[in-house]
Amino acid sequence: MKTPIIYLFTFLLSFSALAQSKLEKIKALKVAHITEQLDLTKKEAETFWPIYNAHEEEKHKHFESSMKKRKDLDIEKLSESEAEALLKEMQANEEVKVKSEKAFIEKLSKVISYKKIVKLMHAERTFKRKMIEEFRGRHREMRKD
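Cut-off values and rules
- All residue numbers refer to positions counted from 1 along the written sequence of the respective chain.
- Local features in a predicted model are, by the rule used here, given only for residues with pLDDT of at least 70; side-chain atom pairs are given and counted only at 80 or more, and totals for whole chains, interfaces and linings are based on all residues.
- Heavy atoms from the whole structure form the basis of all side-chain values; hydrogens and water molecules are not counted.
- Strands are runs of DSSP state E lasting at least 2 residues, helices are runs of H or I lasting at least 4, and numbering of each runs from the N terminus.
- Whether a residue is buried, partly exposed or exposed follows from its accessible area with a 1.4 Å probe, protein chains only, as a fraction of its type maximum: under 20%, in between, or over 50%, in that order.
- Two residues qualify as a contact provided that any one of their heavy atoms is within 4.5 Å of a heavy atom in the partner residue.
- In these tables, accessible area is a Shrake-Rupley quantity obtained with a 1.4 Å probe, and a residue counts as shielded only by the protein chains included in the view.
- We count a salt bridge whenever a side-chain nitrogen from Lys or Arg sits within 4 Å of a carboxyl oxygen from Asp or Glu.
- Stacked, tilted and edge-to-face are the three classes assigned to paired rings of Phe, Tyr and Trp, where Trp is represented by its six-membered ring and a pair needs centres within 6.5 Å; plane angles under 30 degrees give stacked, over 60 edge-to-face, the rest tilted.
- pLDDT measures the predictor's confidence residue by residue and takes values from 0 up to 100.
- Angles run from 0 to 180 degrees between N-to-C directions of axes, and those axes are lines fitted to C-alpha atoms, restricted for helices to the stretch in contact.
- The cut-offs work like this: below 35 degrees is roughly parallel, past 145 is roughly antiparallel, 65 to 115 is roughly perpendicular, and the gaps in between are oblique.
- A crossing counts as left-handed when the near helix is turned anticlockwise from the far one by less than a right angle, and as right-handed when that turn is clockwise.
- Charged residues are taken to be Asp, Glu, Lys and Arg, nonpolar residues to be Ala, Val, Leu, Ile, Met, Phe, Trp, Tyr, Cys and Pro, and polar residues to be all remaining types, Gly included.

K.L.:
A description of the overall build of the protein chain should follow, citing residues and the corresponding values.
P.N.:
Of regular secondary structure, the protein chain possesses four helices and zero strands. Taken from N to C terminus, the helices and strands of the protein chain fall in the order α-α-α-α. Within the protein chain, buried positions represent 17% of all 145 residues. Across the protein chain, the fraction of contacts at a sequence separation of at least 24, relative to all contacts at a separation of at least 6, is 70%. Carbon together with sulfur atoms contributes 61% to the accessible area of the protein chain, which is approximately 12200 Å² in total.

In structure tokens form, the structure reads like this:
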């Protein structure tokens, strides 16, 4: 009886480790892409990365919190007042994002030039686009098999 449970537990742990390693690999690729695009000096990089990583973590927490609230939401069962409250909450969340982004740019502007900040935004978009293209390519390959 214990053997199947041990196998299941081992499988779940290895699956979790595999997913974690893929996430780490993507993060490493993103860091490399941004580093290449921005051409940071050593001094800039030492100050830039802690600010950037803290902002990314904040965005991730905000995203998870927002998704958790909407995950089990049944739109068809929403009352008018619940829908109104939801929309107001969504607007408030957008305002928080804008304020966070402004604060992030303000902090970065003390470390790197505004031109490099614009390059950063471009690098993030191009990285995201590359990841989507990679995913689509792999998805097409899987369909062929």
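K.L.:
Residue-level account of the pattern of salt bridges, with values.
P.N.:
All chains considered together, the criterion is met by nine salt bridges. Here Lys59 makes a salt bridge to Glu56, at a shortest N to O gap of 3.1 Å. On the criterion of helical spacing, the pair formed by Lys59 and Glu56 is a turn pair, its members being three residues apart in helix H2 (residues 42-71). On the basis of relative accessible area, Lys59 is assigned to the partly exposed category, the value being 37%. For Lys61, the salt bridge is made with Glu57, and the minimal N-O distance between the two is 3.3 Å. Here Glu57 and Lys61 lie together in helix H2, a separation of four residues that amounts to about one turn. With a relative accessible area of 52%, Lys61 lands in the exposed category. Put simply, Lys30, Glu56 and Lys59 are held in one network by salt bridges that share partners.

K.L.:
Mind laying out the packing of aromatic side chains, listing which residues take part and the relevant values?
P.N.:
For any pair of aromatic rings, the description rests on two quantities: the centre-to-centre distance and the angle between the ring planes. Under the criterion given, the structure shown has four aromatic pairs. Ring geometry for Phe48 and Tyr52: centres 5.5 Å apart, planes at 20 degrees, overall stacked. Taken together, the residues span about one helical turn, with Phe48 and Tyr52 both in helix H2 at a distance of four residues. The same class applies to Phe48 as to Tyr52, namely buried. Geometrically, the ring pair formed by Trp49 and Tyr52 is edge-to-face, given 5.5 Å between the ring centres and 85 degrees between the ring planes. Of this pair, Trp49 and Tyr52 are both found in helix H2, three residues apart, which corresponds to roughly one turn of the helix. The burial state of Trp49 is the same as that of Tyr52; both residues are buried. What links up through ring pairs into an aromatic cluster is the set Phe48, Trp49, Tyr52 and Phe104.

K.L.:
Let's hear about the confidence of the model for the protein chain: which residues, and what values?
P.N.:
The predicted model of the protein chain averages 85 in pLDDT, with 86% of residues at 70 or higher. Least confident of the elements in the protein chain is helix H1 (residues 2-38), whose mean pLDDT is 71; most confident is helix H3 (residues 80-109), at 94.

K.L.:
Outline the packing of H2 against helix H4 (residues 114-144), listing residues and values.
P.N.:
In helix packing, the relevant descriptors are the interaxial angle and the interaxial distance, both defined with respect to the helix axes. At a closest axis distance of 14 Å, the pairing of H2 and H4 adopts a crossing angle of 50 degrees. In this view, H2 runs oblique relative to H4, as classed from their interaxial angle. Crossing of H2 over H4 shows right-handed handedness. Between H2 and H4, the residues in contact are Glu44, Phe48, Tyr52, Glu56 and Lys59 and Lys116, Leu120 and Glu124, respectively. A per-class count over the contact of H2 with H4 returns three nonpolar, no polar and five charged.

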